[in-house]
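Working through the structure, step by step
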Amino acid sequence: MNKRILSLVLSLVMLALCFVGCGPAANNGDDTGADTGVDTGVVSGEKNENKVIVGNTTELAGDFRWPGFGGSSAGAADQDVNGLITGYSTMETNQGGAYVWNDTVVKSHTEEENEAGDLVVTIEINPGLLFSDGTEVKAVNYLAYVLAFSSPVSVNAGHTGMSGQAMVGYNSFAAYCGEDVAVADDAEVVPTKEFAGIRLLGDYSFSLTISAEAGYYPYYFANTYGAVTPYPLDLVLGEGVEVKDDGNGAYLTEAWYAKGADSTAEALTYAKSEHLKEARYDVTKYAFSGPYVVSEWDEGTKECTLTLNPNFAGNFEGQKPSIETIVYVKIVSETQLDQFKSGAVDILAGITGGSDTQAALAVIDESNGKFAEVHYQRAGYGKLQFECDFGPTMFESTRQAIAYVLNTSEFAQAFTGGYGTVVYGPYSPDFDMWAAVEDTIELTEYAYSVENAKQALIDGGWIYNSKGEDFVEGQTGVDAVRYRKLTAEEAEATGGVNKTYASVANTDGVEYKTVEVNGEYYMPLAINWFGTTPNDVTDMLAARLVGTDDVNALGMVIRSVTGDFDKLLGEIYREESYGYGGTPTYGMFNLATGWNSAVYDYAYNWSLDPVYFGYSSNKLFDEYDVAFPYDMTGEKLTYAEAMEASGGKLGMDYLSMAMVYNAKTTDEYNEWWGAYIERWNKLLPDIPLYSNYYFDIYNAKIQNFETSPFWSPVDALLYCTIANAQ
Amino acid sequence: MGKYILKRLGYMLVVFLILSLLMYLVYAMIPYDRARAEAENWKQVYKNDPVGFENKYQELRKELGLDQNVFVRYLGWIGVMPINGQYQGILQGDMGYSYVYDRPVQDVLAKPMRNTIFINIFATILGLGITIPLGIFCGVKRGSKRDTAVQVATIVGYSIPVFISAILFIWIFAIMLGWFPVSGMKTPGSNFTGMKKYLDELYYMALPLIVMTATSLGGMTRYVRSSMIEALSMDCIRTARAKGLREKIVIFSHAWRNALIPIITLVVGWFLSIFSGSIMIENIFGLNGMGRIYINSLTQKDFEVVLLLQMFYVIIGLMGNLVIDILYGFADPRIRVNK
C-alpha cells in the first residue's frame, strides 16, 4: 500500500512540474495578473510597459550605497545601481567624462586661494532639494559624509577613512578618537575635534579648503575635490549625532565617537562602526538622493528593481528620468543574445569582439526594427606592456622594433573582427584634450616594416653576436640573435640582473644568456614574454611573434610563458606573495587598460625614485628626466619656459607631473598633455594593440538611447523614454 | 548502536581536524597575498606617499593575521588561539570573511544554499522516482527490446557531458519551442507573492531541473539494473520462485531488498548532493547556487569561502558515511551494528 502511495506522489510531482514547466513563456511580472505578452517595440504600436530590464553579466552584490566602501574594488554592476540611486553631487561627470558643476544643485560657488596658498571652494546649494523621503537636502548632508569617512570610526568599519584627505586639517581630524589626549610638544599631528578645512557656513552653504601643504593644490583637477554628495544624516551618522561648526571647522558631536563594547586602550573600536557596516547594505530604511530608489533587492536571484524617485530635481543638466521602472538582472554571457531576443532583457551593454559583435548585429538586422544599437570606441586599449628597467626591453630600440614587426593594424582587424581600431598612444579619441591636439600632434604609427625594425635595432646597438663580434644574419644556435654591449651602468641596473639575464622556456634547447667577453657584457635579443591564458590575445600574439620568419629575420627571439593573471601581476609588481621568484624575468606582458573619466593624471608613474615603482607599470627611466628633473617644490614653469630651460628635452616624469601640477588652464593642460603623448609614443613603454568598439544593443521601444565610453546605459536612461508607454 | 555512533563521531572529529589542517595548509601555500590585494584598494589614497602605503600593507598583514606562522593562523581560524588578541574562529561562530563580497561568509552562503537545496530536492526526488522503477524494470526484463532501448538511451545520456546537454536543451526548449526561459531565476521585475511567486520560481527552475534529472538518469538506472540482475540470480530468488511466490513479491520483497546494499550508497550520496550545487548547471542557467559561488570564490581567490565550503562538505561526507553504515543494517540484518 505504501509503495502505491509513494508511486502516486512521485507521479503527481512529475506531472505538476511538467505543467508548471510548460507554463506561459512570457508575463509582465505584475501580480495583478495582467499579461502584455511579448514586447513588440515600436513596430507594432502596442502599448509598452514603462519599464526597462538591463542585463549585465557582472553579478550584483548589494553594495549599492557606497560600492567598494572607499576602496577601488567596487563591482561594476553595483556602481551602476549606485549611479541610479545617488544624485545631487556638487559636481558630476558629463557625457565626455569631464567633471562639471551641477547647476541643478549648486546655486553659486567660488574658488579662491587663501593666504596659505590653499584653494578655498565655497559652495551654496539651492534650497528645496529633496531626498526620496521628502526631507530637505542641506549643507550638513554634504558634510556628514566627508566628516564621517575621514574619521577613525569609518576605518574601524573597514573604510579607507580618507574622504577628506585633500583638505586642510585632515590629519588632525583623522587622529581624533573622541577625547582630548595629551600629545608631545613636538608631535607632528595634534588631534582635533574640528576639521579645519571643512566649514559649515549656513543651512545651504559650506566651504572646503584644499591643502597646498599636503600637495593637493595647485593641481589641475583640484576643483574636483569640491565634488561632494549628500546623504541622509541617519544613513551616515545613525541616531544622536549632529554636524556642527563653532567657527574652527565642522565636526561631529560626541556620540559619533562612542566606544564599542570590545574597545581597549590598544585597539579602539567604535559603536558607530557597526552602524556603518549595517547601513552600507540597507536599501529599505534610508532615503535616496538619485533619480531612482531601490524598491526591491533580491539577493537570492541577484536582481534589483528600481522605481522613480518623484522628488528628484534633475542631474547637472536638470534632466529627470521618465522611465518608471528599471530592473537590473544578472545574465549569462553565452546565452545573453537569446535572452535579449526573447524580451527577457531590453539592454545588453558592452558587446565587443568580432564574433560576438557580428552575432549581436545579426540579431538587430533580423529584428525588423525591433532592436537597435549604439556603439563607441572603448576608452582604452589592449596592449603589450614592457618592463623598462632590465633585459632587452629596457632599450627603446627593442620596443620600437617589436612595434614595427608586429602589424598592429592587421592585429586589431583580426582580433576585433573589424570592429576596432588602433591608437598610437595612451589616449581615447573621445578625450577633449585629444580633440584639442589632434591636428598638431605628431605620432609615429610604427607601420609594419621589418626593415625599419632592423634599422631601429642597429641604431640601438644590437649589432654583436655572442662572441662580441659583428652580428651575421642566418646563423643558428646562440648566434641566431643579436647582442648588445652593455655599459657598466646598464649591466648594474636593477641589482645587476642584466649580467645574468637569460631566456626562459627554451623548448628548442637553446638558452640565450648574457655573456661576458673581455670584461664586457653582451645581452642577447631574447625577450621573455608572459601572457595570461586562456586569452585569445595571447594566442594571436604567439602566432605573430614566437618563432615567425619576421622575428627570426630581425635576429630576435621571443620566448612565451603563460599563466594566470595573479602571476602576471606578481611579475609586474614584483610581489613574491603573488608567485614572483625574486628576480625580474619577463620583459613583456599582454593586458589591457582604460579610463572611466577624463581625469587624466599619471603623476608619479614615471618617477626616477624607485620608491614610486609601485605606481609604475613600466619602471621606465627617461634620460631626459635625469638631465632636467621635475621639482615639486620648484618654480612652476609653463610649457614654453620648460622647453627652453631643458633644451627641448622634457622627460616623461616632468611632463606627467607638470601636466597636473603646472597647468592652470585647459589650454596649458592640453599643451602638456600633447607633449606627454608624443614622448610616450617615442619611448613606447607599451604597444597599443587594439581599441575595440563596444556595442550597446537595446529594444527599440527605448527612445533617445545614446551612450559613450564615459556615459553608461544607466546614465543614458535618464534621457530616454519608452515608445507608446502605458 | 548509540555507543557505535558516538565512537564514529569521535573518529569523524579526528578526520575533520586532520583534513581541515591539510586543506588550510594547501590554501596557505597558494601564492596569493590577501593583504596585498586589500592594499590595492588604498593605492590611490596613498598616491603621494609610498611609505604610508607600505605601512598600510604591513598593518593589513597584521590585521589579517598574516604576520603569524601558518599553524598559528590555522589554530586562530579554528578558534583555539587568539589572533590580534582575540579569539575569532569557527568555535566562536566566526566562519570567516568573504573579501570579494565584503561580508561574513555565512551571509554570503545563505541564499545560494537555499537556492541549491530548492532545486536539488526536486532533482533528487525526480531522479530517484524515475531511475529506481526503470532500473528494476530493466533488471527484471533483461534482454527485452525495451531493456535494450533503455540501455542505449542511458549510455548515450551518460556519455554526453552535462554542459552539452544543457545547451542542447536550452536550444530546443527555450529558443526553438520557447517553452521555458533561457536563464534566470524569476520573471525580471516581478513582484509576485505567495503561490504565484512559488510557481514563477518553479517555471524558471523547470529547464535546469529537467536537464539535471535527464543527465542523472543514465548512471543510476544502469546501477539499479545491474544490482537487480545480480540479486535476481541469487539462490534465494530461485527458491522463492520455486515456492510459488507471486512474481511481484519475489521482485520487490526478495530481490529488491538484496539489491539495496549497493544502491543505498548511491541514494544517500544523491541526497547529500542536495547541498552541493552544480557548477555547470548553475553557470549555464545563471542560477545563484552553491556550485557557482564555489567556482567564483575559487577563481577570485576568496579562500575563506572555499575553505568553509569544503569543510562543510567534509562534514556532510563523514555524516553521509555514518548514515550509509547505519542504513546498511536496516537493509541487511546480517551487518546490523548492535553495540
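Residues numbered from 1 in each chain as written. Chains lettered and ligands numbered in written order. Predicted model: local features only at pLDDT ≥ 70, side-chain atom pairs only at ≥ 80, totals over all residues. Heavy atoms only, no water.

What follows concerns the overall build of chain B. When helices and strands are tallied, chain B shows 13 helices and two strands. The C-alpha radius of gyration of chain B comes to 26 Å, more than 25% above the 20 Å expected for a compact globule of 339 residues. Dimensions along the principal axes, computed over C-alpha positions, put chain B at roughly 90 × 60 × 40 Å. In chain B, buried positions account for 47% of the 339 residues. Per element, the accessible surface of chain B, about 16500 Å² overall, is 66% carbon and sulfur. Of the charged side chains in chain B, 34 are positive and 22 negative; the average position of the first set lies 15 Å away from that of the second. (Helix = DSSP H or I, 4+ residues; strand = E, 2+ residues; numbered from the N terminus. Rg over C-alpha atoms; globule rule 2.2 N^0.38 Å. Buried < 20%, exposed > 50% of the residue type's maximum accessible area, 1.4 Å probe, protein only. Areas by Shrake-Rupley, 256 points an atom, 1.4 Å probe, with all protein chains shown as cover. Lys, Arg positive; Asp, Glu negative; His and termini not counted. Charge placed at Lys NZ, Arg CZ, Asp CG, Glu CD.)

Here we take up the overall build of chain A. Counting secondary structure elements, chain A contains 23 helices and 26 strands. The C-alpha atoms of chain A give a radius of gyration of 30 Å, which matches the 27 Å a tight globule of 726 residues would have. The dimensions of chain A, computed from C-alpha atoms along their principal axes, are 85 × 85 × 60 Å. When burial is assessed residue by residue, chain A has 56% of its 726 residues classed as buried. By sequence separation, contacts in chain A at least 24 residues apart represent 69% of the contacts at least 6 residues apart. Here chain A displays about 29500 Å² of accessible surface, and carbon together with sulfur accounts for 48% of that area. Looking at charge distribution, chain A has the averaged site of its 41 positive side-chain charges lying 6 Å from that of its 102 negative ones. (Contact = heavy atoms within 4.5 Å.)

Across the contact, 61 residues belong to chain B and 66 residues belong to chain A. Seen at the junction of chain B and chain A, the total is nine salt bridges. Lys186 of chain B is the salt-bridge partner of Glu296 of chain A, the closest N and O atoms lying 3.6 Å from each other. Inspection of the region where chain B meets chain A yields 15 residue pairs in polar contact (both at pLDDT 80 or more). Tallying contributions element by element places helix H5 (residues 105–140) of chain B first for the side of chain B that touches chain A, with eight residues. Residues belonging to the side of chain B that touches chain A are distributed by class as follows: 30 nonpolar, 16 polar and 15 charged. (Salt bridge = Lys/Arg side-chain N within 4 Å of Asp/Glu carboxyl O. Polar contact = N/O pair within 3.5 Å; in protein donor to acceptor, adjacent residues only side chain to side chain. Nonpolar A, V, L, I, M, F, W, Y, C, P; charged D, E, K, R; others polar.)

Residues and elements named next belong to chain A. Ranked by internal contacts, the top residues of the largest apolar core, which has 156 residues, are Leu384, Phe431, Met556, Tyr600, Trp672, Trp673 and Tyr676. A total of nine residues in this core trace back to one element, the largest contributor, which is helix H4 (residues 139–148). If near-sequence neighbours (up to four positions away) are discounted, Trp673 is found in contact with Tyr427, Phe431, Met433, Trp434, Val437, Tyr600 and Met659. Counting 34 residues, the second-largest nonpolar core is a separate cluster that includes Leu84, Val283, Trp711 and Ile722. (Core = buried A, V, L, I, M, F, W, Y, C linked by side-chain atoms within 4.5 Å.)

Take helix H14 (residues 450–459) of chain A next. The periodicity of an α-helix, 3.6 residues per turn, causes residues three or four places apart in sequence to face the same way. Residues and elements named next belong to chain A. Looking at H14, one finds that the buried residues are Val450, Ala453, Lys454, Ala456 and Leu457. End-on, the buried residues of H14 take up no more than an arc of 160 degrees, which puts them together on one face. Set apart from the buried face of H14 by more than 90 degrees, the exposed residues are Glu451 and Asp459. Looking at the buried residues of H14, the elements they touch are helix H11 (396–405), strand E17 (462–464) and helix H17 (549–554). (Arc of directions from axis to C-beta.)

Residues and elements named next belong to chain A. Spatially, the four strands line up as an open sheet ordered E17-E18-E20-E19, and their pairing is antiparallel. Unpaired on one side and paired on the other, E17 and strand E19 (515–517) mark the two borders of the sheet. When the angles between neighbouring strand axes are averaged without regard to direction, this sheet yields 50 degrees. Sheet analysis places E17 next to strand E18 (residues 483–485), joined by two bridges and oriented antiparallel. The residue bridging Tyr464 from the neighbouring strand is Tyr483, located in E18. (Pairing = 2+ DSSP bridges. Axes fitted to C-alpha atoms, helices over the stretch in contact; angles between N-to-C directions.)

Moving on: the pattern of salt bridges. Using the criterion set out here, one finds 40 salt bridges over all chains in the structure. Measuring nitrogen to oxygen at the nearest pair gives 2.8 Å for the salt bridge that ties Glu571 of chain A to Lys567 of chain A. Taken together, the residues Glu571 of chain A and Lys567 of chain A, both in helix H18 (residues 565–573) and four residues apart, mark about one turn of the helix. Close ionic contact of Asp147 of chain B with Arg225 of chain B constitutes a salt bridge, the shortest N to O distance being 2.9 Å. With Asp147 of chain B in helix H6 (residues 145–159) and Arg225 of chain B in helix H8 (residues 194–232), this residue pair connects regions lying 78 residues apart in the sequence. As far as the burial class goes, Asp147 of chain B and Arg225 of chain B line up, both buried. Among the ionic contacts, a cluster of salt bridges with common partners joins Glu296, Asp298 and Glu303 of chain A together with Lys186 of chain B.

Residue and element names in this part refer to chain A. Among the 14 residues of strand E24 (residues 686–699), twelve are classified as buried, and the element is accordingly described as predominantly covered. In this sheet, E24 lies alongside strand E13 (residues 347–351) in antiparallel orientation, the contact comprising three bridges. Each residue of the ladder has a partner; that of Leu348, found in E24, is Ile697. Here seven bridges tie strand E14 (residues 371–377) to E24, and the two strands are oriented antiparallel to one another. In the sheet register, Gln377 faces E24, and the bridge partner there is Tyr693. Sheet topology places strand E15 (residues 380–386) next to E24; four bridges connect them, and they run antiparallel. Across the sheet, the residue bridging to Leu384 is Ile687, located in E24. Pairing of strand E16 (residues 420–421) with E24 involves two bridges; the strand directions are antiparallel. Residue pairing for E24: Gly420 is matched across the bridge by Asn692.

All names here are of chain A. Note that the residue after Tyr217, namely Pro218, is joined by a cis bond; omega there is 5 degrees. Here Pro218 is to be found in the loop between strand E7 (205–210) and helix H7 (233–237). Put simply, Thr533 and Pro534 share a cis peptide bond, and its omega is -5 degrees. A positive phi angle, near 50 degrees, is found at Thr494, a position not held by glycine. You can see Thr494 is positioned in helix H15 (residues 488–496). A positive phi angle, close to 70 degrees, is found at Asn704, a residue other than glycine. Within the secondary structure layout, Asn704 lies in the loop between strand E25 (702–703) and helix H23 (713–716).

Attention shifts here to the domain arrangement of chain B. All names here are of chain B. Taken domain by domain, chain B consists of domain 1 (2–103) and domain 2 (106–335). Centre-to-centre separation of domain 1 and domain 2, based on C-alpha positions: 35 Å. Domain 1 puts 25 residues into the contact, and the matching count from domain 2 is 25 residues. Taken together, both faces of the contact between domain 1 and domain 2 bury some 2400 Å²; the carbon and sulfur share is 72%. Along the contact surface separating domain 1 from domain 2 lie one salt bridge. On inspection of domain 1 and its partner domain 2, the count reaches six residue pairs in polar contact (both at pLDDT 80 or more). Breaking the side of domain 1 that touches domain 2 down by element, the ones donating at least two residues are helix H1 (2–29) and strand E1 (97–98). Among the elements that line the side of domain 1 that touches domain 2, the one with the most residues is H1, at twelve residues. Residues that form the side of domain 1 that touches domain 2 fall into these classes: 18 nonpolar, four polar and three charged. (Domains from an automatic or database assignment. Buried area = accessible area lost by both parts, 1.4 Å probe.)

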